[in-house]
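# Understanding the architecture of this molecule
So the chains spell out like this:
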Amino acid sequence: MSPGAGQAPGLPRSVLADTVLERLTLLYPTAADPVRARSAAAYMKHVAPFLGIPTPRRRALSRSVLAGTARPAEPDCAAIALRCWALPEREYQYFAIDYLRRRVAHCSSGFVPVLRRLVTTVPWWDTVDVLAAHVAGPLVAADPELRRTMDEWIEDDDLWIVRTALLHQLRFKEATDARRLLGYCLRRADHPDFFIRKAIGWALREYARTDPEAVRDFVDSARDRLAPLSVREATKHL
């Protein structure tokens, strides 16, 4: 397989990834739209170039890419994701995220170093938020020992790692570790970055769907520590 299909030096070897990336890099460019690509790149603050493929069309192509492929093992998931991240256009990373969120059950706590690499490479909310809720979250739910990893991530210097820790319980509902969630929000309440303050509010707003009284009481007690943005987001539906 040629490096043009994602087999860059140092990336994991996987026969399944060879097949997937060969098909992917053949099919996706056929749907490229330069005008839409420029618009998408501008909307995403030029964090990465785009092919300009609308989401419905991209997902239809993805189904063709994956037709008849084998069930992956964890190394295959790592190889596919990292090879997609090695390609410049953002749609390849979207493919990897869609792939992971549907196959995260095939991954263990050993996938966390790969997850961290994905979160911190070409990071922006469009990839990080899905990785947080649909990859980090299920990994923690499957292995509660990973809560200690999230405890480390909430203290990290990288804002996207912190955002991942804040958002990983978004889909937990009644299974939310409320003490941990509220503690995380307090520990990073004074963070200066918009994306952290927004994430605090979002995490609280989502938990308010499950326990509105707990969130209301928390915001009331911590209002002097929380940023106004965090308070607005947390109480939007209370």
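Predicted model only: the values in this text are computed from it and were never measured. (Residues numbered from 1 in each chain as written. Predicted model: local features only at pLDDT ≥ 70, side-chain atom pairs only at ≥ 80, totals over all residues. Heavy atoms only, no water.)

Counting residues in hydrophobic clusters, the biggest one holds 81 residues, and the most contacted among them are Ile80, Phe95, Phe111, Leu115, Leu131, Leu166 and Leu204. With residues up to four places along the chain from it excluded, the contact list for Phe111 reads Glu74, Cys77, Ala78, Leu100, Val135 and Leu139. (Core = buried A, V, L, I, M, F, W, Y, C linked by side-chain atoms within 4.5 Å. Buried < 20%, exposed > 50% of the residue type's maximum accessible area, 1.4 Å probe, protein only. Contact = heavy atoms within 4.5 Å.)

Helix-helix packing is described using two parameters, namely the angle between the two axes and the distance between the axes. Interhelical geometry of helix α1 (residues 15–27) versus helix α3 (residues 55–66) gives an angle of 145 degrees and a closest axis separation of 9 Å. Seen along the crossing, α1 lies across α3 with a hand that is right-handed. Of the residues in α3, those touching α1 at Val20, Arg23, Leu24 and Leu27 are Leu61, Ser64, Val65 and Leu66. The class makeup of the residues in the contact of α1 with α3 is 6 nonpolar, 1 polar and 1 charged. (Axes fitted to C-alpha atoms, helices over the stretch in contact; angles between N-to-C directions. Helix = DSSP H or I, 4+ residues; strand = E, 2+ residues; numbered from the N terminus. Left-handed = near helix turned anticlockwise from the far one by under 90°. Nonpolar A, V, L, I, M, F, W, Y, C, P; charged D, E, K, R; others polar.)

Opposite charge on two side chains makes pairing possible when the charged atoms of those side chains draw close. Taken as a whole, this structure holds 16 salt bridges when the rule is applied. Linking Arg116 and Asp156 is a salt bridge whose minimum nitrogen-to-oxygen distance equals 2.9 Å. Here Asp156 lies in the loop between α8 (147–153) and α9 (159–167) and Arg116 lies in helix α6 (residues 112–120), a separation of 40 residues in the sequence. In this structure Arg116 comes out as partly exposed when scored by relative accessible area, which is 30%. Note that Asp220 and Arg223 form a salt bridge whose closest N and O atoms lie 3.3 Å from each other. Residue classification places Asp220 among the partly exposed residues on the basis of a relative accessible area of 47%. Beyond isolated ion pairs, a larger network of salt bridges with shared partners links Lys198, Arg205, Glu233 and Lys236. (Salt bridge = Lys/Arg side-chain N within 4 Å of Asp/Glu carboxyl O.)

Take the packing of aromatic side chains next. A complete count under the given rule lists 8 aromatic pairs for this structure. Between Trp124 and Trp160, the ring centres sit 5.9 Å apart and the planes meet at 55 degrees, which makes this aromatic pair tilted. Of the two residues, Trp124 sits in the loop between α6 and α7 (125–142) while Trp160 sits in helix α9, which places them 36 residues apart along the sequence. In this structure, Trp124 and Trp160 share a single accessibility class: buried. (Phe/Tyr/Trp six-rings, centres within 6.5 Å; stacked < 30°, edge-to-face > 60°.)

Right, let's get into the side chain of His134. Of note, His134 is situated in helix α7. Given the relative accessible area of 17%, His134 is considered buried. Of the polar contacts made by the side chain of His134, one reaches the side chain of Arg101; its length is 3.2 Å. The contact partners of His134, leaving out residues within four places of it in the chain, are Arg101, Val104 and Arg171. (Polar contact = N/O pair within 3.5 Å; in protein donor to acceptor, adjacent residues only side chain to side chain.)

Here the focus is α9. Where burial is concerned, most of α9 is hidden: 8 out of the 9 residues are buried. The complete set of buried residues in α9 reads Trp160, Ile161, Val162, Arg163, Thr164, Ala165, Leu166 and Leu167. For α9, the elements touching its buried residues are α6, α7, α8, α10 (178–187) and α11 (194–208). Of the residues that open α9, the one with a side-chain oxygen 2.8 Å from the backbone nitrogen of Trp160 is Asp158.

What the rule picks out here adds up to 1 cavity of 30 Å³ or more. If you add up the space inside the largest cavity, you get close to 30 Å³. Lining the largest cavity are Val112, Leu115, Ala136, Leu139, Val140, Leu146, Thr149, Met150 and Trp153. Looking at the lining of the largest cavity, the elements that each hand over two or more residues are α6, α7 and α8. (1 Å grid on protein atoms, 1.4 Å probe; cavity = no way out; pocket = protein on both sides within 12 Å on 5 of 7 lines; lining within 4 Å. Points joined across faces, edges and corners; volume = space filled by probe spheres on them.)

Looking now at the side chain of Gln169. One can find Gln169 in the loop between α9 and α10. Apart from residues no more than four positions distant in its own chain, Gln169 is found in contact with Ala175, Thr176, Asp177, Arg180 and Leu181.

Of the residues in the chain, 96% reach a pLDDT of 70 or more, and the chain-wide mean stands at 95. In this model, residues 1–7 is a region of pLDDT below 50 whose contacts with residues beyond four sequence positions or in other chains number 19 contacts. (pLDDT = per-residue confidence, 0-100.)

Right, let's talk about the packing of α3 against helix α5 (residues 90–103) for a bit. Packing of α3 against α5 brings their axes to within 11 Å, and their N-to-C directions diverge by 65 degrees. Where α3 crosses over α5, the handedness of that crossing is right-handed. Contacts between α3 and α5 involve Arg58, Arg59, Ser62, Val65 and Leu66 from the former and Glu91, Tyr94, Phe95, Asp98, Tyr99 and Arg103 from the latter. Residues belonging to the contact of α3 with α5 are distributed by class as follows: 5 nonpolar, 1 polar and 5 charged.

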